[in-house]
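Now for the letters of each chain:
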There are 2 protein chains.
Amino acid sequence: MFNQLGVIGCGLMGGSFALALKRAGLVKRVIGYSKSPSTTDKAKRLGVIDIAAESALLAVSGSDIVLMAVPVAASEATFKAIRHLVEPGVLFMDVGSTKRDVVDAARRVLKDRVASFVPAHPIAGKEVSGVDHADALLYSGRQVILTPLKQTDATLVQKATDVWSAIGAQVLKMTPENHDAAFAAVSHLPHLLAFAYFSAVHKQPAGADFLSLAGPGFRDFTRIAASDPAVWRDILLANREEVMKQSLRFRHTLDALEHVMKTGNAEALEDLIRSASEARASWQMSTPKPTGSR
Amino acid sequence: MFNQLGVIGCGLMGGSFALALKRAGLVKRVIGYSKSPSTTDKAKRLGVIDIAAESALLAVSGSDIVLMAVPVAASEATFKAIRHLVEPGVLFMDVGSTKRDVVDAARRVLKDRVASFVPAHPIAGKEVSGVDHADALLYSGRQVILTPLKQTDATLVQKATDVWSAIGAQVLKMTPENHDAAFAAVSHLPHLLAFAYFSAVHKQPAGADFLSLAGPGFRDFTRIAASDPAVWRDILLANREEVMKQSLRFRHTLDALEHVMKTGNAEALEDLIRSASEARASWQMSTPKPTGSR
């Protein structure tokens, strides 16, 4: 399907995409660039990439599909580094967890060449980062959101849909604005709350003793608190307005729960808990059928 | 080891204890009582109990070990129902997630017979409740906190330690006060936050659309939001003072994170996230060795 995949940022997300395309036989070779040469070396040693590029631009050169998998705040610099080789017909995608800021940077830097850029956000990840954890199945059974612009080349949107589908993901399309509002609610705020909660426990005088007693509920609730700091710094800053709106909704609900606790209103407390509990029990994560059965 | 286990409350916790003791060959027969006769019937049908008792008192009669597995607010009524058969040498335990309130109720109702009561809190559970989910391995590899009083019979504390150890749990002892402070931090507050967060997302106008986009991070973060409403109503009310203290610490940390987001201080934001992320990555749940290798 593709001759050469260029990966800019050979970490968990970029590395997993390269492995998935290789596994599906969708690409002849993979050329990769990372800011740190030791990462690129490791990616080559692990067979994630075939060729190490010395710059982002060289990773684009000769590629017919390019994935930028860098922290979202590095998007603008990446677009600047590669813009001279952004040619029509080549599929450029990112994997950023925020889309308005990335789309704005693409518009500013790429101008009319923005038609080649199909903004993408695969809803996948791990609480560990780095190419060592790259996994050919990371995107299998996951959703991928594409947020194409009016100017985006429709043929490339179709190509993007095909390539994500071929590695087992389910593709949805929405506007960058709707994307950022939705993910502030279901992803960015929970990360912020998990960071805040874990810190609050950890930093108190008896924190270490308390942590030694924590069980499986705590383990799952705080799993995302181990997420990559640079990645989440950028996401929380890029989408802070929507995150703050969601945080305010959360604080109001927490206030309501604490109010009925303080007044000892057992019935009202049970009602509030029950509405959350029943809704959560009936919620299921959307997952497409496994690749094999498509 | 025991002739007859009496279980008061044949739900997830009580049922799992019965199954675990049977599996380990620690008990000849199990007699069970539940408020709802259909629960007791189901427990018998599932082989969790051998005999259905028509009252809590009848479940105690002839038993040399008794487990009370009722919501913590029902502890006092349960003690009242059984107090005439609380005899020296019989091991009485509960499984409540709060200990000060249960211990206070035991003192009030049982008076000098409180010596037979060994307050216990196994750090185990599922986000589903009911005897259908009872599991002989629920307590295996988990911690169990005992909070004996000065008056508690030392022989019974040892028996309690032995029985929990024999079904694969690790036993720790602490005061009821230290227990409640610790579990407000590592269990009760996370449940409150998960209920509040899930409600806030679920109840907003676009909630259903947002929930359809949520991924594995959300799934794990909100798992405990599906917990049993009656159980958690009681826990949050019984331990509200400690939970409020922990909530205040959490709010201060959340305020600090949001402050650096608002001011756009990327470096400070990354530092705060990094300290949580690194501490969470190095945290591991305490688990004893599996039963087989003891």
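Preceding this section is the structure that the text describes.
Residues numbered from 1 in each chain as written. Chains lettered and ligands numbered in written order. Predicted model: local features only at pLDDT ≥ 70, side-chain atom pairs only at ≥ 80, totals over all residues. Heavy atoms only, no water.

Asker: It is not clear to me how the interface of chain B and chain A should be interpreted in this structure. Could you clarify?
Answerer: Often, the extent of an interface is quoted as the loss of accessible area upon association of its parts. Taken together, the contacts link 84 residues of chain B with 84 residues of chain A. For the pair chain B and chain A, the summed buried surface comes to about 7900 Å²; carbon and sulfur atoms form 69% of the total. At the junction of chain B and chain A, the tally comes to 8 salt bridges. Looking at which element gives the most residues to the side of chain B that touches chain A, the answer is helix α7 (residues 176-202) of chain B, with 18 residues. (Contact = heavy atoms within 4.5 Å. Buried area = accessible area lost by both parts, 1.4 Å probe. Salt bridge = Lys/Arg side-chain N within 4 Å of Asp/Glu carboxyl O. Helix = DSSP H or I, 4+ residues; strand = E, 2+ residues; numbered from the N terminus.)

Asker: In this structure, what is going on with the pattern of salt bridges? I would like to understand it.
Answerer: Oppositely charged side chains may form a pair once their charged atoms are brought near each other. Under the criterion given, the structure shown has 31 salt bridges over all chains. Ionic pairing is found between D255(A) and R251(B), a salt bridge with its closest N-O pair at 2.7 Å. Taken as a pair, D255(A) in helix α11 (residues 240-262) and R251(B) in helix α11 (residues 240-262) lie in two separate chains rather than in one. Here D255(A) falls in the partly exposed class, since its relative accessible area comes to 37%. Among the residues examined, R251(B) registers a relative accessible area of 16% and is labelled buried. For D180(B), the salt bridge goes to R100(B), with nearest N and O atoms at 3.5 Å. Here D180(B) is found in helix α7, whereas its partner R100(B) is found in helix α5 (residues 100-110), with 80 residues between them in sequence. A relative accessible area of 26% places R100(B) in the partly exposed class. (Buried < 20%, exposed > 50% of the residue type's maximum accessible area, 1.4 Å probe, protein only.)

Asker: What's the story with the relation of the copies chain B and chain A in this structure? I'm lost.
Answerer: Between the two chain copies there is a screw-like relation: a rotation about an axis and a shift along it. Superposing chain B onto chain A takes a rotation of 180° combined with a translation of 0.0 Å along the rotation axis, leaving an RMSD of 0.0 Å. Read as a symmetry element, the transformation amounts to a two-fold axis. Considering only C-alpha atoms, the part of chain B nearest the rotation axis is F221(B), at 2.0 Å. When the interface residues of chain B are mapped onto chain A, 100% of them again lie at the interface, so the same face is used by both copies. (Least-squares fit on C-alpha atoms with pLDDT ≥ 70 in both.)

Asker: Teacher, can you tell me more about the sheet that holds strand β3 (residues 51-52) of chain B here?
Answerer: In sheet architecture, strand pairing relies on hydrogen bonds along the backbone and comes in two forms, parallel and antiparallel. Read across the open sheet, the 6 strands follow the order β3-β2-β1-β4-β5-β6 (chain B); overall the sheet is parallel. With one partner strand each, in any of the chains shown, β3 and β6 (117-118) of chain B form the two edges of the open sheet. (Pairing = 2+ DSSP bridges.)

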